[in-house]
Amino acid sequence: MKNDLSRRRLLAAAPAAGFAARATAANSSDKPALMGGPKTRTSPFPSWPEFDDRERRGLLDVLESGKWNRGTGQFVRKFEEAYARLTGAREALATSNGTAALYISLNVLGVEPGDEVALPPYTFIATVNVVLRQHALPVFVDTDPETFQMDHRKLEAAITPDTRAIMPVHLGGNVCDLDAITAIAKRKGVPLIEDACQAHLAEWKGRKVGVYGDAGCFSFQASKNLNSGEGGAILFNDPDLRERAYAFHNSGSGLKNIGANFTYASSGSNLRLTEFQAAILLAQMSRLEKQTRTRAENAKYLTSLLNEVPGVRPARLYEGCTNNA
Ligand SMILES: *Cc1c(COP(=O)(O)O)cnc(C)c1O
């Protein structure tokens, strides 16, 4: 707490300070809108998601081509190439959603029943669900209260001989300490899966998140910064791992050496993205970098105002975080 305020004095001071800040921002009147003062906001907030003829054209292209799945069309493949280029990853695999991206990653990195996966307790529940669905044991590494990310100082103590994956989450678009976590994963010889489902275009030391781990997982569900209603992707730096993930998400049928032409050399599931979703994602991606810059500017402004409120301290970024999505 700032200024050594007691809890009692903080509760008395904070609402007054917040009120004063808002009144000054609106105009010189000291009445809030609720009590008859002028409104701070006179035009509605922009609606979400944004879309225009780019999305309409893409959807119609897929519709009229009659090629609606990745087996026959080109849009999913095009999206994978574009997303890999945007993030600086070697390869990307589109998936049906973010949960599927995590689930595929656990499978191809060899997490089996009885294994342990180290992850943070403060996340969307899918991070935990995929571990339980695998009949593996989630081992929680508690949260750094200053950043809300997995506390890397507590990670090493959570690792046992049964740990088969480390799965940190870049929560709220902020970035966990990737220097510390990748170093521990490397030293312990444990695969690293980044849950980057909330962190499209977030950066650590100038590189996009999702490329630091063995697999980097993203969601394109309606509430995320890049949205196709439902959808997901995994980033890989190892083409062989991507080939195994491709086979797993395609009912065990790979492109090259794994079960091509209906021979099914591995087990798997159907976790494919559709061509319609890929067409929307390609259109949405044309706005993503600009939207991300606007968010960063607005967040900087909001953070500077919050910093003036007694007793409030905005979440901190680690020094290596060069963009909070
Ligand atoms: C959204 C989200 C997921 C799951 O993604 P879906 O596309 O909804 O399946 C997983 N982890 C985190 C941190 C998320 O925010």
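All values reported here derive from a predicted model rather than from experimental measurement.

Undergrad: What am I meant to see in the sheet that holds strand β9 (residues 232-236) here?
TA: In space, the four strands of this open sheet follow the order β1-β9-β8-β5, with mixed pairing throughout. A strand with exactly one partner marks an edge of an open sheet, and here the two such strands are β1 (91-95) and β5 (193-195). Sheet twist, expressed as the average angle between the axes of neighbouring strands with direction ignored, equals 20°. Where helix α3 (residues 75-87) meets the sheet, it contacts β1, β8 (215-219) and β9, and its direction lies at approximately 130° from that of β1.

Undergrad: Help me understand helix α8 (residues 239-249), please; the structure alone is not making it clear to me.
TA: Spacing of three or four residues puts side chains on the same side of an α-helix, whose turn is 3.6 residues. With eight of eleven residues buried, α8 is to be regarded as a mostly interior element. Taken together, the buried positions of α8 are Leu241, Arg242, Glu243, Ala245, Tyr246, Ala247, Phe248 and His249. In this structure, the buried side of α8 is in contact with α3, β1, α4 (98-108) and β9. Its side-chain oxygen at 2.9 Å from the backbone nitrogen of Asp240, Asp238 defines the N-terminal cap of α8. The positive-phi residue at the C-terminal boundary of α8 is Ser251, with phi of around 60°.

Undergrad: Please clarify how the sheet that holds strand β2 (residues 116-119) should be interpreted in this entry.
TA: Backbone-to-backbone hydrogen bonds pair the strands of a sheet. The strands run either parallel or antiparallel. Strands sit in the order β3-β2-β4 across an open sheet of three strands; the sheet is parallel. With partners counted over all chains shown, the strands left at the sheet margins are β3 (137-140) and β4 (163-166), one partner each. Sheet twist, expressed as the mean angle between neighbouring strand axes with direction ignored, is 30°. As judged from the three bridges shared by β2 and β4, these two strands associate in the parallel manner. Bridging across to β4, Glu116 finds its partner in Thr163. The sheet contacts of helix α5 (residues 126-133) involve β2 and β3, and relative to β3 the element is tilted by about 140°.

Undergrad: Where do I start with the environment of Arg56 in this structure?
TA: For Arg56, the position within the fold is in helix α2 (residues 53-65). Relative accessible area serves as the criterion here: at 45%, Arg56 is assigned to the partly exposed category. A C-alpha to C-alpha distance of 9.2 Å links Arg56 and Ala279, two positions 223 residues apart in sequence.

Rules behind the numbers
- Residues numbered from 1 in each chain as written.
- Predicted model: local features only at pLDDT ≥ 70, side-chain atom pairs only at ≥ 80, totals over all residues.
- Heavy atoms only, no water.
- Pairing = 2+ DSSP bridges.
- Helix = DSSP H or I, 4+ residues; strand = E, 2+ residues; numbered from the N terminus.
- Axes fitted to C-alpha atoms, helices over the stretch in contact; angles between N-to-C directions.
- Contact = heavy atoms within 4.5 Å.
- Buried < 20%, exposed > 50% of the residue type's maximum accessible area, 1.4 Å probe, protein only.
- Polar contact = N/O pair within 3.5 Å; in protein donor to acceptor, adjacent residues only side chain to side chain.

These figures capture arrangement, not role.
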